[in-house]
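Structural characterization, general
Take a look at the letters that make up each chain.
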Amino acid sequence: MKVAFAGTPEFAAAAVQAILAAGFDVPLVLTQPDRPAGRGMQLQPSPVKQVAVAAGIPVHQPEKLRTPEQQAPLAEANVDVLVVAAYGIILPQAVLDLPRYGCLNIHASLLPRWRGAAPIHRAIEAGDAETGITIMQMDAGLDTGPMLLKRSTAIESDDTTGSLHDRLAGLGADLIVDALRALPDGLTATPQPADGVTYAAKIGKAEATVDWTRPATEIERAIRAFNPFPGALGNYQGTPIKLWRARAIDAGGTPGEVLLAEGAGVIVACGEGALCITELQKPGGKRLAAADFVRGTAIAVGSRFD
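Residues numbered from 1 in each chain as written. Predicted model: local features only at pLDDT ≥ 70, side-chain atom pairs only at ≥ 80, totals over all residues. Heavy atoms only, no water.

Some remarks on the pattern of salt bridges
In the structure shown here, the tally under the stated rule is 12 salt bridges. With a shortest N-O distance of 3.8 Å, Arg-100 and Asp-80 are connected by a salt bridge. Here Asp-80 lies in the loop between helix H3 (68-77) and strand S6 (81-85) and Arg-100 lies in the loop between helix H4 (93-96) and strand S7 (103-107), a separation of 20 residues in the sequence. Overall, Arg-100 belongs to the exposed group, its relative accessible area being 61%. (Salt bridge = Lys/Arg side-chain N within 4 Å of Asp/Glu carboxyl O. Helix = DSSP H or I, 4+ residues; strand = E, 2+ residues; numbered from the N terminus. Buried < 20%, exposed > 50% of the residue type's maximum accessible area, 1.4 Å probe, protein only.)

See below:
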């Protein structure tokens, strides 16, 4: 089969590498335009583009796929299937209809739970026990198409979005190869059930600020969910401090009150229980273990996080 691929970040790069390693013919890769990044804000190719260029595959980088001109390279490639993973551009019906077998999406959740932009973050934040990968036949809706393959993985108590992302990227890469191999002989398409639908809204920086009136268990999950992006934020006496690792403990006090600040952690009272923060970061500084952080930054018992 001829397989075109559309994707942008590292999650998608793992999939296109696996498709190439499995021996499929990939005549075209679509990815978002190069974006400025880094201190110098130089234009940087996406991880998917880097894989494609290294493999000598033509790359198409339209801002949208709305017009016949923008769709032309895909139409001319005459592919059997288009695999889509974290592309970031909505595919109109004309694109969905182009390949012989349509378009397959690698989605990082067990659909219909967590349709949308941030399924990994939201699964951790909600305290889900498991998540996984769904290979889905794309339709015009938002992650609403019928399901072809699913594979689950447990969410561990210390998983961050970073660690779970990497595990799911590998799982998605394996599963899409299985789907492509089975596609010519037919895969059973199962409609998504109406029950259990949830939406994973895009992560906003504003929601990363910690509300200390919430239960410690919820804040601990949010810290893991927002690691590595955007980073949970606690404001201490006017200084924004990133909170990277923490655990909920059984202690009490006024929400935001510092109960202890020592090498084992900075303990802050919450609406229910308390949070023992073990990795922190000041603006312009490095991530530090609590012992190193409190040596360089005075945090007094009885003081308050805003």
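Regarding the nonpolar core
Counting residues in hydrophobic clusters, the biggest one holds 49 residues, and the most contacted among them are Phe-5, Ile-19, Leu-104, Ile-106, Ile-133, Ile-176 and Leu-180. A total of 10 residues in this core trace back to one element, the largest contributor, which is helix H6 (residues 161-182). If you look at the next biggest cluster of nonpolar residues, it comprises 21 residues, including Tyr-236, Val-268, Leu-280 and Ile-299. (Core = buried A, V, L, I, M, F, W, Y, C linked by side-chain atoms within 4.5 Å.)

Some details on the packing of aromatic side chains
The final tally for this structure, using the stated rule, is two aromatic pairs. For the pair Trp-212 and Phe-305, a centre-to-centre distance of 5.3 Å together with 50 degrees between the ring planes defines the contact as tilted. Here the residue Trp-212 occupies a position in the loop between strand S11 (199-200) and helix H7 (216-225), and Phe-305 occupies one in the segment after helix H8 (290-296), the gap between them amounting to 93 residues. Taking the relative accessible area as the measure of exposure, Phe-305 reaches 1% and is therefore buried. Centroid distance Tyr-236 to Phe-305: 5.0 Å. Interplanar angle 50 degrees. Geometry classified as tilted. Here Phe-305 lies in the segment after H8 and Tyr-236 lies in strand S12 (residues 232-236), a separation of 69 residues in the sequence. Classification of Tyr-236 as buried rests on a relative accessible area of 6%. By the ring-pair criterion, three or more aromatic residues cluster together here, those being Trp-212, Tyr-236 and Phe-305. The ring centre of Trp-244 lies 3.6 Å from the NZ or CZ of Arg-287, which sits over that ring. (Phe/Tyr/Trp six-rings, centres within 6.5 Å; stacked < 30°, edge-to-face > 60°. Lys NZ or Arg CZ within 6 Å of the ring centre and 35° of its normal.)

Purely geometric stuff here, so don't read any function into it on its own.
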